[in-house]
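# Examining the three-dimensional arrangement
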Amino acid sequence: MSNEFKEIFSKLSVIEKNEVTKNKIETTLEIIPILLKRVSTQNVDVLAGILKQSVLPSICPETDDEIEQVFESINKNPNLLFEKEIQEKIQRFIEQRFQRDKQIVIQRTSDISKFVTLMGQYLNDAISSSGSGSKNVLSIKEKIQSIDLTNNGAIELSDLQTELINAASSIEEEMNQVSNKLQTGKTQVQELEEKVNSLEEELTKTKNESMKDHLTGLLTRRAYNEEIKKIESSYKRHNTQYAVVFFDLDFFKKVNDTHGHECGDVILSTFAKILEKNTRDHDIVGRYGGEEFVAIVHFNLNRELLQYLKRIKTIVTANNFKYKEHEIKVTFSAGVAIRSDHESYDSAIQKADMLLYEAKENGRNQIKLEDGKTI
């Protein structure tokens, strides 16, 4: 076994080493097919991004910070994703996230339970507020009914007056006690209500954050897929016309290789802002994965769609993207399919993807429509 072979063998992953041993490979040439099975760096970037989206955000800020640190290391060296230590660390984070989030939800939802219990307690107090005083009044009522005013009932009435005063005092004291309890309970209920409202806001915020891509602020692929179901439903009921536009930044890997992943992130974020700013509220735009974006654009006339596409292309091609002291020229390719020309949304997006591929094959920096137009 040559030194060159030993050196290459030492740099293989555990799985690759096992395959070499199992197949009794002894030459450098025989290792090449194993190395060719490795995933490309570009695909690893996409995989890392999808994995990161699946574990963020967490309700527990501490978990978010820990996960963020690991993925920063992976961004700098994507091949770390295949190291057993990193894989085990990500697995631990996922398990910790579930446990921590579960504990936080249990802790905070216990406030809701306290709120309900407390309200029940004070409601019972209010219902039974009459207490012994009301029993005394009932007894006095029976006595009043039994007095025979035709005879000399003055003495009985005098005694009854004393009992009425005592009963009234007892009721007043009981009502004061209940009032004090209710006042104290009101303060506690208000505090719990504030906690419950805070929990609702946090859960809503977490839900909204999980729908947005961590880097670009656009819809995640999962959130986009949920929105497209609503759009499809509207299309089938009202025949609302729309186009599927598939965007892909040209030579994005070269940008990452030349200027670094941080620069790539800035460009992705900036391009996303251009799409978001120029896409109307009733349309949607999402990050499909890596440097791919997809937009659903409603239109009545073809010229409206063409104006939208030309506007995006003009903004991107007429300006340079800025990163630190660098000004970087970026272009994109796109494919556009009209929903009404296809039996289903799936068919339309597949066609948009095919047209995007044609645009890239024909030299990039162009938008291909299925009627043959090129912008």
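Residues numbered from 1 in each chain as written. Predicted model: local features only at pLDDT ≥ 70, side-chain atom pairs only at ≥ 80, totals over all residues. Heavy atoms only, no water.

The next subject is the packing of helix α11 (residues 261-278) against helix α12 (residues 302-317). Two elements in contact, α11 and α12, have axes whose closest approach is 11 Å; the angle formed by their N-to-C orientations is 145°. The hand of the α11/α12 crossing is right-handed. In contact with Phe271, Ile274, Leu275 and Asn278 of α11, α12 contributes Tyr308, Arg311, Ile312, Ile315 and Val316. Its residues placed into classes, the contact of α11 with α12 shows 7 nonpolar, 1 polar and 1 charged. (Axes fitted to C-alpha atoms, helices over the stretch in contact; angles between N-to-C directions. Helix = DSSP H or I, 4+ residues; strand = E, 2+ residues; numbered from the N terminus. Left-handed = near helix turned anticlockwise from the far one by under 90°. Contact = heavy atoms within 4.5 Å. Nonpolar A, V, L, I, M, F, W, Y, C, P; charged D, E, K, R; others polar.)

For the rest of this paragraph, the subject is the pattern of salt bridges. Tallying each qualifying case throughout the model produces 9 salt bridges. Notably, a salt bridge pairs Asp257 with Lys253, separated by 2.8 Å at the nearest N-O pair. Placement of the pair is Asp257 and Lys253 together in helix α10 (residues 252-259), with a separation of 4 residues, close to one helical turn. What emerges from the salt-bridge pattern is a single network uniting Asp248, Asp250 and Lys360. (Salt bridge = Lys/Arg side-chain N within 4 Å of Asp/Glu carboxyl O.)

This part takes up the nonpolar core. The biggest cluster of nonpolar side chains holds 35 residues, and the ones touching the most others in it are Phe247, Ile267, Phe271 and Phe332. Those elements giving two or more residues to this core turn out to be β1 (242-249), α10, α11, β3 (292-298), α12, β4 (321-323), β6 (332-338) and β7 (367-369). Considering every element that reaches this core, the biggest residue donor is α11, with 7 residues. Setting aside its immediate chain neighbours within four residues, Phe271 contacts Phe247, Leu249, Phe293, Val316, Phe321 and Phe332. Among the nonpolar cores identified, the runner-up in size contains 19 residues, and Leu219, Ile228, Ile284 and Tyr345 belong to it. (Core = buried A, V, L, I, M, F, W, Y, C linked by side-chain atoms within 4.5 Å. Buried < 20%, exposed > 50% of the residue type's maximum accessible area, 1.4 Å probe, protein only.)

Moving on, we get to the sheet that holds β1. Note: strands within a sheet are paired through backbone hydrogen bonds, in either parallel or antiparallel orientation. One open sheet accounts for 5 strands, arranged β2-β3-β1-β6-β7; its pairing is mixed. Bordering the open sheet on either side are β2 (284-289) and β7, each of which pairs with just one other strand. Put simply, the sheet's adjacent strands are angled 20° from each other on average, direction ignored. Pairing between β2 and β3: 5 bridges, direction antiparallel. In the strand pairing of β3, Ile284 is matched with Ile296. Against the sheet, α11 makes contact with β1, β2, β3 and β6, and its axis sits at roughly 160° relative to β1, the strand it touches most. (Pairing = 2+ DSSP bridges.)

Once that is clear, we can look at the confidence of the model for the protein chain. Scored by pLDDT, the protein chain has a mean of 75; 59% of the residues are at 70 or more. Mean pLDDT values for the elements of the protein chain range from 55 in helix α7 (residues 131-146) up to 93 in β6. (pLDDT = per-residue confidence, 0-100.)

Time to look at the packing of aromatic side chains. By the definition in use, this model includes 7 aromatic pairs. Between Phe246 and Tyr288 the ring centres are 5.0 Å apart and the planes differ by 80°, which places this aromatic pair in the edge-to-face class. Here Phe246 is found in strand β1, whereas its partner Tyr288 is found in strand β2, with 42 residues between them in sequence. Of the two residues, Phe246 and Tyr288, neither departs from the other in class, the shared state being buried. A ring pair is formed by Phe247 and Phe332, whose centres lie 5.5 Å apart and whose planes are at 65°; its orientation type is edge-to-face. Here Phe247 is found in strand β1, whereas its partner Phe332 is found in strand β6, with 85 residues between them in sequence. Of the two residues examined, Phe247 and Phe332, each falls in the buried class. Within the aromatic cluster, the residues linked to one another by ring pairs are Phe247, Phe271, Phe293 and Phe332. The cationic tip of Arg221 hangs over the ring face of Tyr288; the distance from NZ or CZ to the ring centre is 3.9 Å. Arg364 extends its terminal NZ or CZ atom over the ring of Phe251, reaching a point 4.3 Å from the ring centre. (Phe/Tyr/Trp six-rings, centres within 6.5 Å; stacked < 30°, edge-to-face > 60°. Lys NZ or Arg CZ within 6 Å of the ring centre and 35° of its normal.)

Once that is clear, we can look at the pairing of β1. Along a regular strand, successive side chains alternate from one face of the sheet to the other. Most of β1 is tucked away: 8 of the 8 residues are buried. Burial along β1 is two-sided: the face carrying Tyr242, Val244, Phe246 and Asp248 and the face carrying Ala243, Val245, Phe247 and Leu249 are both buried. As judged from the 7 bridges shared by β1 and β3, these two strands associate in the antiparallel manner. In the strand pairing of β3, Ala243 is matched with Val297. Alignment of β1 against β6, held across 7 bridges, turns out to be antiparallel. If you follow Leu249 over to β6, its bridge partner there is Phe332.

So, about helix α13 (residues 345-361). An α-helix turns once per 3.6 residues; consequently, residues spaced three or four apart project the same way. An ideal rise of 1.5 Å per residue puts 24 Å on 17 residues; α13 measures up with 24 Å between its terminal C-alpha atoms. Those residues of α13 lying buried are Tyr345, Ala348, Ile349, Ala352, Leu355, Leu356, Ala359 and Lys360. Looking straight down α13, one finds its buried side chains confined to an arc of 140°; they lie on one side. In α13, the exposed positions that point more than 90 degrees away from the buried face belong to Gln350, Tyr357 and Glu361. Tucked inside the fold, the buried residues of α13 contact α9 (221-238), β1, β2, β3, β6 and β7. Gly363, located one to two residues past α13, shows a positive phi value of around 120°. (Expected span 1.5 Å × (residues − 1). Arc of directions from axis to C-beta.)

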